[in-house]
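# Understanding the architecture of this molecule
Letter by letter, the chains look like this.
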Amino acid sequence: MNAIAFERDYKANAAKKAADESHIPDYSQKIRPLSQGRLSCAAEKPLGEEALCAAVSAGDDKLLIDPAVGGRLRSWKHKGTELVLQDPKLGLAVDAFWWPAAAASILLSPYEVDKQELADGVLTLALSRKLTLNDNKWLEGITLVKTYRIFEKDGGVDVATEIKNTTDKEIELSFRYHDMLSFLEVKDAKSGWATMKNGAADQKFERLFMIKLYRYAAEADKELEKAFKMDNLQQVTDSKAEFAAPWTSVKLSVDIQNKKDLHCFVFWDSGQQAAATFEPLYKRVKLAPGQSWQAGMSLKVLD
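Note that this is a predicted model, so its numbers are computed, not measured. (Residues numbered from 1 in each chain as written. Predicted model: local features only at pLDDT ≥ 70, side-chain atom pairs only at ≥ 80, totals over all residues. Heavy atoms only, no water.)

### Some details on the overall build of the protein
Helix and strand counts for the protein stand at two helices and 24 strands. Against the compact-globule benchmark of 19 Å for 303 residues, the protein has a radius of gyration of 20 Å, which places it among compact chains. Each principal axis of the C-alpha distribution contributes one length, and for the protein these read about 70 × 50 × 40 Å. Per-residue burial for the protein yields a buried fraction of 52% across its 303 residues. Once local pairs closer than 6 in sequence are excluded, the contacts in the protein between residues at least 24 apart make up 59%. When the accessible surface of the protein is split by element, carbon and sulfur atoms take 50% of a total near 14300 Å². Across the protein, the 42 positively charged side chains and the 44 negatively charged ones have centroids separated by 1 Å. (Helix = DSSP H or I, 4+ residues; strand = E, 2+ residues; numbered from the N terminus. Rg over C-alpha atoms; globule rule 2.2 N^0.38 Å. Buried < 20%, exposed > 50% of the residue type's maximum accessible area, 1.4 Å probe, protein only. Contact = heavy atoms within 4.5 Å. Areas by Shrake-Rupley, 256 points an atom, 1.4 Å probe, with all protein chains shown as cover. Lys, Arg positive; Asp, Glu negative; His and termini not counted. Charge placed at Lys NZ, Arg CZ, Asp CG, Glu CD.)

Take a look at the structure:
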């Protein structure tokens with residue numbers, strides 16, 4: 001085979017592989033209609049789109065989980081009030097990596113739907129993605145398992161992401177959730193805020209178009225804190241953040257699971273986005289082949 005033919009075939013094979021890796025699975029047999037008490041789940045296709053989402057109803061709460069775009073929570077309406085920034089790709093509980101720099105990324109590829117269950121007042125939806133070269137060159141081959149649990153009792157949502165080292169080498173990483181909440185939009189020249197605690201004192205994030213880091217860990221980590229330039233660094237002592245806005249009485253509480261591994265909260269507010277991000281950032285972890293590690297958040301509406 002001559003060089004021109006080799007290059008042509010190589011590009012064609014690479015394009016086919018990329019297309020296969022970004023292929024959206026058929027969710028029609030995986031997202032089944034379920035109903036029990038105030039909880040229900042069904043497949044729903046958003047207007048103008050091809051991929052199905054899981055539409056969940058839990059009393060006053062209506063949620064839309066989008067396995068085709070990173071397994072994100074793309075919409076959460078409480079009594080009609082939207083809590084998630086409406087964006088074609090981003091949303092709430094988007095899996096992402098912060099460190100090392102070569103691995104920094106936000107995962108927006110399609111996830112598989114592995115499990116759907118409704119029992120004892122809890123709806124469980126488990127998704128997974130084995131990372132490809134196109135997803136993340138540094139972390140190619142690891143597997144992410146994301147599990148949503150929605151509770152009938154209070155409409156709360158738990159989300160957990162388990163990272164499995166399904167490669168044959170040790171990996172080191174820092175995981176984060178990339179969250180875009182409607183509370184941190186600007187409406188009528190006003191924005192909402194997030195409140196955290198430093199001892200008995202409040203630490204309040206408000207939109208000043210700065211990138212801020214609120215350290216929860218007892219010690220600094222220069223690798224993480226200097227990976228991207230921060231405009232401001234503060235300390236917090238609680239793993240919980242509460243979001244509110246002047247245009248609604250609804251509030252959202254976000255508490256972090258696996259608190260011992262939480263390093264900080266990052267609010268990325270460069271002024272170029274429709275809303276500031278909220279990013280719980282975990283400490284660096286090393287995983288030998290076969291090992292796993294888990295992050296998570298507990299989300300609850302307050303009104």
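### Some points on the environment of Gly 199
By secondary structure assignment, the location of Gly 199 is in the loop between β15 (193-198) and β16 (201-206). Judged by relative accessible area, which is 48%, Gly 199 ranks as partly exposed.

### As for the pattern of salt bridges
Here the structure, examined in full by the defined rule, presents 17 salt bridges. Note that Asp 231 and Lys 229 form a salt bridge whose closest N and O atoms lie 3.8 Å from each other. Lys 229 sits in the exposed class, given a relative accessible area of 65%. Here the residues in one salt-bridge network are Glu 49, Asp 66, Arg 72 and Arg 74, joined through shared partners. (Salt bridge = Lys/Arg side-chain N within 4 Å of Asp/Glu carboxyl O.)

### Points about the nonpolar core
Membership of the largest hydrophobic core comes to 73 residues, with the highest contact counts inside it found for Trp 76, Phe 97, Tyr 148, Phe 243 and Phe 267. Here this core takes eight residues from strand β13 (residues 171-187), the largest share from any one element. Filtering out sequence-adjacent residues up to four positions away, Phe 267 remains in contact with Leu 184, Ala 194, Met 196, Phe 205, Met 210, Ile 211, Lys 212, Tyr 214, Phe 243, Thr 277 and Phe 278. By size, the runner-up hydrophobic cluster in this structure holds nine residues, among which are Trp 99, Ile 211, Cys 264 and Leu 281. (Core = buried A, V, L, I, M, F, W, Y, C linked by side-chain atoms within 4.5 Å.)

### Comments concerning the sheet that holds strand β2 (residues 39-44)
Spatially, six strands are ordered β1-β2-β3-β4-β5-β6 in an open sheet, and the strand pairing comes out antiparallel. Either end of the sheet is taken by a strand with one partner, and the two such strands are β1 (34-36) and β6 (81-82). Across three bridges, β1 lies against β2 in antiparallel orientation. From the neighbouring strand, Gln 36 faces β2, where its bridge partner is Leu 39. (Pairing = 2+ DSSP bridges.)

### Side note on the side chain of Arg 207
Inspection of the secondary structure assignment puts Arg 207 in the loop between β16 and β17 (212-215). We classify Arg 207 as buried; its relative accessible area is 11%. For Arg 207, the side chain forms a polar contact with the main-chain oxygen of Leu 184, separated by 3.0 Å. A polar contact is formed between the side chain of Arg 207 and the side chain of Asp 269, at a distance of 2.7 Å. If sequence neighbours within four positions are ignored, Arg 207 has contacts with Leu 184, Glu 185, Val 186, Ser 191, Asp 269, Gln 273, Ala 274, Ala 275 and Ala 276. (Polar contact = N/O pair within 3.5 Å; in protein donor to acceptor, adjacent residues only side chain to side chain.)

### Re the pairing of strand β21 (residues 262-267)
The side chains of a regular strand alternate between the sheet's two faces. With six of its six residues buried, β21 lies for the most part within the structure. With four bridges joining them, β17 and β21 adopt antiparallel strand pairing. By the bridge assignment for β21, Lys 212 is matched with Phe 267. The pairing of β21 with strand β22 (residues 275-282) spans four bridges and is antiparallel. Note on β22: the bridge partner recorded for Val 266 is Glu 279.

### Re the state of the cysteines
In this structure the tally under the stated criterion is zero disulfides. Cysteine Cys 41 shares no disulfide, and the gap to the nearest cysteine sulfur, in Cys 53, comes to 11 Å. Residue Cys 41 is classed as buried on the basis of its relative accessible area of 5%. (Disulfide = S-S within 2.5 Å.)

### Topic: the environment of Lys 115
In this structure, Lys 115 sits in strand β9 (residues 112-119). Placed eleven residues apart in sequence, Lys 115 and Ala 126 show a C-alpha to C-alpha distance of 4.9 Å.

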